Amino acid sequence: MIEVVDLQKSYQKTQAVRGISFRVQPGEVYGLLGPNGAGKTTTLRMLATLLKPTGGSAKVAGFDVVRQPLEVRRNLGIVNGGMKVYDKLTGYEVLDFFGSFYDLWGPKLKERIAWAAELLHIEPSVLSKQVRQMSTGMQQKIVIARAILHQPQVLLLDEATAGLDVFARRALLDFVRQYAGLGKTLVYSTHVMSEAEEVCDRVGFIDHGLLVFEGSLQEALELGSGSLERAFIRRLEQAA
Amino acid sequence: MNEILIIARKELLSVVRERRVLFNTLVLPILIMPLLMFGPILLFGNAARQTQESVQKVGVVGVPAAVLEELRKARLEPVQIADPQTAVQNREVQAALVFENGRYTLYGRLSRGTASQSALVVGKVQAALRAYKDRVVAEQLRARGIGPDILEPFSIETKDASSAQEQAAGVFAFLIPFFLVMFIQSGGMPVALDATAGEKEKGTLEALLAAPVPLSQILLGKGLAVFVMSMLSTIASLVGLLLSGGVVRNFLAGRLQTLQSIQGGGGEVQLGGGLALDPLGYLSILLTAVLFALLIIAVLISLGLYARTFKEAQSYTGLLSLFTIIPILFLQFSDFLKLQDWFFALPIVNVVLAMDVIVRGAATATQLLTTWAATLAYAGLAVYLAYRSFQREDVVFRN
């Protein structure tokens, strides 16, 4: 579960996030949609405790992002489009490295790696290759596998399909629905409306650091006469 | 603690997979040390010996026949020339000798000191003239019934009174601190930059920061990996240094003696390149090196974190190298300085000076304790600054 209340982030002269609030329930995929520079990545980084909010509050899996950052990180996985893993390590070594931070060792680690590999359609033999020898899509799957290895309650995906080919993108979208089906809480941040339409249960439109719309996917589609993209553009134009 | 080791292991694993870095850090110092230390001197010694043994042309103007004969005996070939200055400048001859109004004038290309073939040939001509002069003086004294011993009423012998440690380190004493400092820095640099700026540039740092590991442990893990590589590189350079010193002392001493005799060095010059310290001396060197490594590693990590890219980080560390090289250059002249205890509180300078006095067996307790305390304080400050940098969002997400 995620609870965000009046969350703000300011840099010296810029207010990147100007007080947004939303909740995401377990088993739900929440689409955080907005143009580039709207504040999506900053919001997710605050939820992942990578950035400190300058106002408001947020709880992830019941833990406060400012006061309990380590507990938050233990219950959260994050993937963004620019995120990479160590290219000189093999896929297995990468997962071993990150798994060890969540007390995953030996048979338990192997079991989790097998689980993640199956969920993401990663051939076990690929894991023995160094990451730099893998395709971009496979590298992104390793990035995601790293984020879900500890089966976090909350998964944040930020432009996670950037740079992926059609097959890898398809596998990722399927995975999002599957992971939500396990009762997990997901935030899916993107500017690609078709993806959001496919995987999200509820959506929030963010622009200039403000949430200008929040509702179910159905409500958003109605607002755009059956098109999420139209709803998005209308709402942002109204807010401007 | 566990997380620190896990992170350090990962960093080292990445290095092991990068054969180029591994070679440059661990193998190259062993191979390059003999070349750096003794290559130029051996090469020059060899060239000097060849110059001694072979025959070179010497331009002559108005030189008497007896002197010409003396030159030939010294394996020189006198050739008559018109303009000695031009002939030497144009390299028609390596040296030229002019006799005019009872005075010999010797021409050579001497702007590069003794490190030129012309200077060596000038040395040969001078030696031939000295031999001729001594013979003429001896003959004239004998004609007057005086023995040549009158010219040498006493003999002069120079003895090296430096300590056993100084003799072992020899004329290369200052190179030992130089290489220790340089290899501590250069050994840790690739790992430090890859673990910081490299991670930012490649987009791997964010995934690590999102793991449930305190920043302090991430920093210490990376620092530990840099420390290991730094120390391994230093050990490799020391092995190279000691091996090359041993090889030269045992197998190439003769060649170097030729060079010393040509250069006119007085007494027994210790080539050195070795260490002859008691266990406490070795421990002192080790402790100084470890503390210096802590300081340099913290500075490297701070710079690496601040930089947006690996290249930007390299430009910062280039400047850092200058800060370490300058004190080492001055170390060559440390014998002319009256060492004050407060010198040993100056950052980097103190490490270089401390290593120098340890290698020479001349360290005092005050000097060493001041160096260690000051370096530990500087290292602590640098670690704190690195940690603060790591906490700053504008630094970590600066790319």
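Calculation criteria
- Residues numbered from 1 in each chain as written.
- Chains lettered and ligands numbered in written order.
- Predicted model: local features only at pLDDT ≥ 70, side-chain atom pairs only at ≥ 80, totals over all residues.
- UniProt positions renumbered as here; feature names shortened; annotations may be inferred.
- Axes fitted to C-alpha atoms, helices over the stretch in contact; angles between N-to-C directions.
- Helix = DSSP H or I, 4+ residues; strand = E, 2+ residues; numbered from the N terminus.
- Parallel < 35°, antiparallel > 145°, perpendicular 65-115°, else oblique.
- Left-handed = near helix turned anticlockwise from the far one by under 90°.
- Contact = placed C-beta atoms within 7 Å.
- Pairing = 2+ DSSP bridges.
- Nonpolar A, V, L, I, M, F, W, Y, C, P; charged D, E, K, R; others polar.
- pLDDT = per-residue confidence, 0-100.

- Labelled according to an unreviewed UniProt entry, chain B appears under the name Sodium ABC transporter permease protein, originating from Meiothermus taiwanensis WR-220.
- The record held by UniProt for chain B lists under Subcellular location (unreviewed entry) the comment "Membrane".

- Looking up chain A in an unreviewed UniProt entry gives the name ABC transporter related protein, with the organism given as Meiothermus taiwanensis WR-220.
- Quoted verbatim from the Sequence similarities (unreviewed entry) field of the UniProt record, the comment on chain A reads "Belongs to the ABC transporter superfamily."

### Here we look at the packing of helix H7 (residues 175-202) of chain B against helix H12 (residues 310-331) of chain B
All names here are of chain B.
Here comes step 1: Where H7 meets H12, the axes come as close as 10 Å, and the angle between the chain directions of the two elements is 165°. One way to sum up the angle between H7 and H12 is to call them roughly antiparallel. Note that H7 runs across H12; the crossing there is right-handed. Between H7 and H12, the contacting residues are Pro177, Phe178, Val181, Gln185, Met189, Leu193, Thr196, Ala197, Gly198 and Glu201 on the first element and Phe310, Glu312, Ala313, Gln314, Thr317, Ser321, Thr324, Ile328 and Leu331 on the second.

### Topic: the sheet that holds strand E2 (residues 15-24) of chain A
Residue and element names in this part refer to chain A.
Here comes step 1: Read from one edge of the open sheet, four strands run E2-E1-E4-E5, paired in antiparallel fashion. The two strands at the open ends of the sheet, each matched to only one other strand, are E2 and strand E5 (63-64).
Here comes step 2: In this sheet, strand E4 (residues 55-60) lies alongside strand E1 (residues 2-10) in antiparallel orientation, the contact comprising five bridges. By the bridge assignment, Ile2 is partnered in E4 with Val60.

### Here's the deal with the UniProt feature "domain: ABC transporter" (unreviewed entry) in chain A
Here comes step 1: Under the local residue numbering, the UniProt record ascribes the feature "domain: ABC transporter" (unreviewed entry) to residues 2-233 of chain A.
Here comes step 2: Taken end to end, residues 2-233 of chain A is 38% helix and 26% strand, and its two terminal C-alpha atoms sit 26 Å from one another.

### Quick notes on the interface of chain A and chain B
Here comes step 1: Facing 20 residues of chain A, the contacting portion of chain B comprises 18 residues.
Here comes step 2: Those elements giving two or more residues to the side of chain A that touches chain B turn out to be helix H2 (69-74) and helix H3 (91-100) of chain A.
Here comes step 3: The greatest single-element share of the side of chain A that touches chain B, amounting to four residues, is contributed by H3(A).
Here comes step 4: Along the lines of polarity and charge, the residues of the side of chain A that touches chain B split into twelve nonpolar, two polar and six charged.

### Description of the UniProt feature "transmembrane region" (unreviewed entry) in chain B
All names here are of chain B.
Here comes step 1: As annotated in UniProt, the feature "transmembrane region" (unreviewed entry) corresponds to residues 21-44, 168-185, 224-248, 280-307, 313-331, 343-363 and 369-387 in the numbering used here.
Here comes step 2: The annotated region residues 313-331 carries 100% helix and 0% strand content, and the separation between its end C-alpha atoms amounts to 28 Å.
Here comes step 3: Secondary structure content for residues 343-363 is 52% helix and 0% strand, and the end C-alpha separation is 13 Å.

### Quick word on the confidence of the model for chain A
Here comes step 1: On average, residues of chain A score 93 in pLDDT, and 100% of them are at 70 or above.
Here comes step 2: Considering each helix and strand of chain A separately, the mean pLDDT is smallest for helix H9 (residues 228-239) of chain A, with a value of 89, and largest for E5(A), with 97.

### A look at the sheet that holds strand E4 (residues 103-108) of chain B
Residue and element names in this part refer to chain B.
Here comes step 1: The strand order across the open sheet formed by four strands is E2-E1-E3-E4, and the pairing between neighbours is mixed. Both edges of this open sheet fall to strand E2 (76-80) and E4, since each of them pairs with a single strand only. Neighbour-to-neighbour, the strand axes of this sheet turn through a mean angle of 25°, independent of strand direction.
Here comes step 2: In this sheet, E4 lies alongside strand E3 (residues 95-100) in antiparallel orientation, the contact comprising six bridges. In the sheet register, Phe99 faces E4, and the bridge partner there is Tyr104.
Here comes step 3: On top of the sheet, helix H5 (residues 117-143) reaches strand E1 (56-61), E2, E3 and E4; it is set at about 160° to E4, its chief contact.

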